Amino acid sequence: MIVNERRAGLPLFHAQPVRSRIHSLLNVTCRKMLPRKTRVSLIEFFERLVFPNVVALNAQSPAGSVAPERAPADLWTREVLCPPVSVRPAPFPGSDLLPAAFAEETTFGEFAVLAIPEGALCGNIILDRNNCPVPGLTLARIVSSQSRRDATMRTLPPRRIDADVVAVGNTYLDNYFHWLHDIVAAILFLPDYRDRLYCGPIRHHDQMECLELLGIRRDQVINLYPGECLRFNSVLAFTAPQQGHPELVRRLSRLEQETRTTPKRIYISREDAKKRRAISNEEELNALLERHGFIRISFSELPVREQIAHMRGAEAVVMPQGAAVTNMAFCSPHTKELELYSPKFLITLGPLFARALGHTRYQAVIGAEADPDREGATAHFRMDLGAVEAALKAFSL
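The rules behind these values
- Residues numbered from 1 in each chain as written.
- Predicted model: local features only at pLDDT ≥ 70, side-chain atom pairs only at ≥ 80, totals over all residues.
- Heavy atoms only, no water.
- Phe/Tyr/Trp six-rings, centres within 6.5 Å; stacked < 30°, edge-to-face > 60°.
- Helix = DSSP H or I, 4+ residues; strand = E, 2+ residues; numbered from the N terminus.
- Pairing = 2+ DSSP bridges.
- Axes fitted to C-alpha atoms, helices over the stretch in contact; angles between N-to-C directions.
- Buried < 20%, exposed > 50% of the residue type's maximum accessible area, 1.4 Å probe, protein only.
- pLDDT = per-residue confidence, 0-100.
- Contact = heavy atoms within 4.5 Å.
- Arc of directions from axis to C-beta.
- Disulfide = S-S within 2.5 Å.
- Salt bridge = Lys/Arg side-chain N within 4 Å of Asp/Glu carboxyl O.
- Parallel < 35°, antiparallel > 145°, perpendicular 65-115°, else oblique.
- Left-handed = near helix turned anticlockwise from the far one by under 90°.

### Considering the packing of aromatic side chains
Under the defined criterion, the tally for this structure stands at six aromatic pairs. Centroid distance F92 to F102: 6.5 Å. Interplanar angle 75 degrees. Geometry classified as edge-to-face. Linking F92 in the loop between β2 (85-87) and β3 (106-108) with F102 in the loop between β2 and β3, this pair joins segments that are 10 residues apart in sequence. Consider the rings of F177 and F353, whose centres lie 6.2 Å apart with planes at 45 degrees: the pair is tilted.

Okay, structure coming up:
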């Protein structure tokens, strides 16, 4: 179905790149000049100005709530891929001196896939055949009640595609960890995943690269543009898993088995992440690690395939806590792994990854506060070089 955008004078399939450019201009180009709320308001203004043709969708069922275990059989069916499981991280050298969070048992809820007949992907949400958002499923972050209403109400008329698709996307779509852990690992549950069609808001080149590592070709992926609404014969969509789910971590470890010649000791730097959990004494830390034979690498500058190759070939890895911890899934079981933590952000995924993968050479060192004005995930920290060196000696490095 081709819908004429009167004011833009463009048919639907030409209007979508225009819409995408509006988002790119305001969200990327103006990122440093304008605060987020201002960018969102400008995007909403220009979309209403350029794209007056909208569809009012049924918003009775709020997106983002917990996906129900039961639903009317004609709306969707649910298949459990992983039942609930409880995991306690294995002890490691020095773990008895760390906060209790490093030894607490974590209970993971069930992980499931929903089959939605005549489902539609619209903006940030997934709709059933009655145009109601399916609870618990999102394709991208919904930042506010205003954005949720816009995602539901300001959507171009749905275009029908005669195909079955797998929806790729969730609330944390843009994060490297969540793309690999929540999306790529989940796809590996599908026995015929290489033969399926996929649809979602693919925004970054590394996301497409990850799909290609699975053997999925570019012509099997439909990119969902902002504000676009596509209805399919059926949609498969995964529920959002909890971080560090052991079965997802194990599935992810199967990705890309290619081996290359890479450094044996690597330090994965966060020097490019100046605004979130930067290490204030990064240069002193790097000098210490260089004396122990480590080479500093910034993974954000490398293709995913090269990141995996570096992890598979390393005998020792030092990494600050962050999205790069996902790459622990690609290490050898005998790789020596040292994770550096901010004292204000103890999300202990490293020990859970090590337990799920059977890695027995893992350690963690917690730094000291370096920025009293920041809290949580953005707080910078400083590493105790003596503690880092002690951990390296415990590894005989």
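### What to know about the sheet that holds strand β12 (residues 265-268)
One open sheet holds the five strands; their spatial order is β13-β12-β14-β15-β16, and the pairing between them is parallel. The open sheet is flanked by β13 (295-297) and β16 (362-366), the only strands paired with a single partner. Looking at each pair of strands side by side, their axes are set apart by 20 degrees on average, direction ignored. With five bridges joining them, strand β15 (residues 336-341) and β16 adopt parallel strand pairing. Note on β16: the bridge partner recorded for E337 is Y362.

### Focus on the pairing of strand β11 (residues 229-238)
Side-chain positions along a regular strand alternate between the two faces of the sheet. Among the 10 residues in β11, eight count as buried, and that is most of the element. Across five bridges, the pairing between strand β4 (residues 111-117) and β11 is antiparallel. Following the sheet pairing, A115 is matched in β11 by L236. In the sheet, strand β8 (residues 159-167) pairs with β11 via six bridges, with the strands oriented parallel. Bridge pairing in β11 links D164 to S234.

### Some details on the pairing of strand β7 (residues 133-138)
Burial within β7 is extensive, with five of its six residues counted as buried. Hairpin connection between strand β6 (residues 125-127) and β7: a loop of five residues separates the two successive antiparallel strands, and N131 in this loop has a positive phi of roughly 65 degrees.

### Some points on the confidence of the model for the protein chain
The predicted coordinates should not be examined in detail at positions where pLDDT is low. Confidence in the prediction of the protein chain, expressed as mean pLDDT, is 79, and 78% of residues score 70 or more. Within the protein chain, helix α3 (residues 145-153) has the poorest average pLDDT of any element, 41, and β12 the best, 95. Low pLDDT, under 50, characterises residues 1-17; the predicted model gives this stretch 35 contacts beyond four residues in sequence or across chains. Every residue in residues 143-154 scores below 50 in pLDDT, and together they form 30 contacts with partners more than four places removed in sequence or on other chains.

### Here's the deal with helix α7 (residues 282-291)
Each α-helix winds once per 3.6 residues, and so residues spaced three or four apart point in a common direction. Listed in full, the buried residues belonging to α7 are E282, L285, N286, L288 and L289. One face of α7 carries all of its buried residues, which in axial projection span an arc of 160 degrees. Seen from the buried face of α7, the exposed residues on the opposite side, beyond 90 degrees, are E290 and R291. Buried-residue contacts for α7 involve β12, β13, β14 (316-320), β15 and α10 (385-394). Looking one or two residues past α7, G293 carries a phi angle of roughly 90 degrees, positive in sign.

### Quick look at the state of the cysteines
Counted by the stated rule, this structure contains one disulfide. Paired through a disulfide, C122 and C229 show a sulfur-sulfur distance of 1.9 Å. Remark: C229 occurs in strand β11 and C122 occurs in strand β5 (residues 120-122); sequence separation between them is 107 residues. No difference in accessibility class separates C122 from C229, as the two residues are buried.

### Some points on the pattern of salt bridges
Under the counting rule described, the total for this entry stands at 12 salt bridges. Of the charged contacts, one joins E212 and R218 as a salt bridge, the two residues approaching to 2.8 Å between their closest N and O atoms. When its relative accessible area of 33% is taken as the criterion, E212 is described as partly exposed. Note that D219 and R217 form a salt bridge whose closest N and O atoms lie 3.0 Å from each other. Judged by relative accessible area, which is 58%, D219 ranks as exposed. Each of E118, R129 and R160 takes part in salt bridges that share partners, so that together they form one network.

### So, the packing of helix α4 (residues 176-187) against helix α5 (residues 205-213)
Two elements in contact, α4 and α5, have axes separated by 11 Å at closest approach and are oriented at 25 degrees. In terms of axis orientation, α4 runs roughly parallel to α5. The interaxial crossing formed by α4 with α5 has right-handed handedness. Across from Y176, W179, L180, V184 and I187 in α4, the residues of α5 making contact are D206, Q207, C210 and L211.

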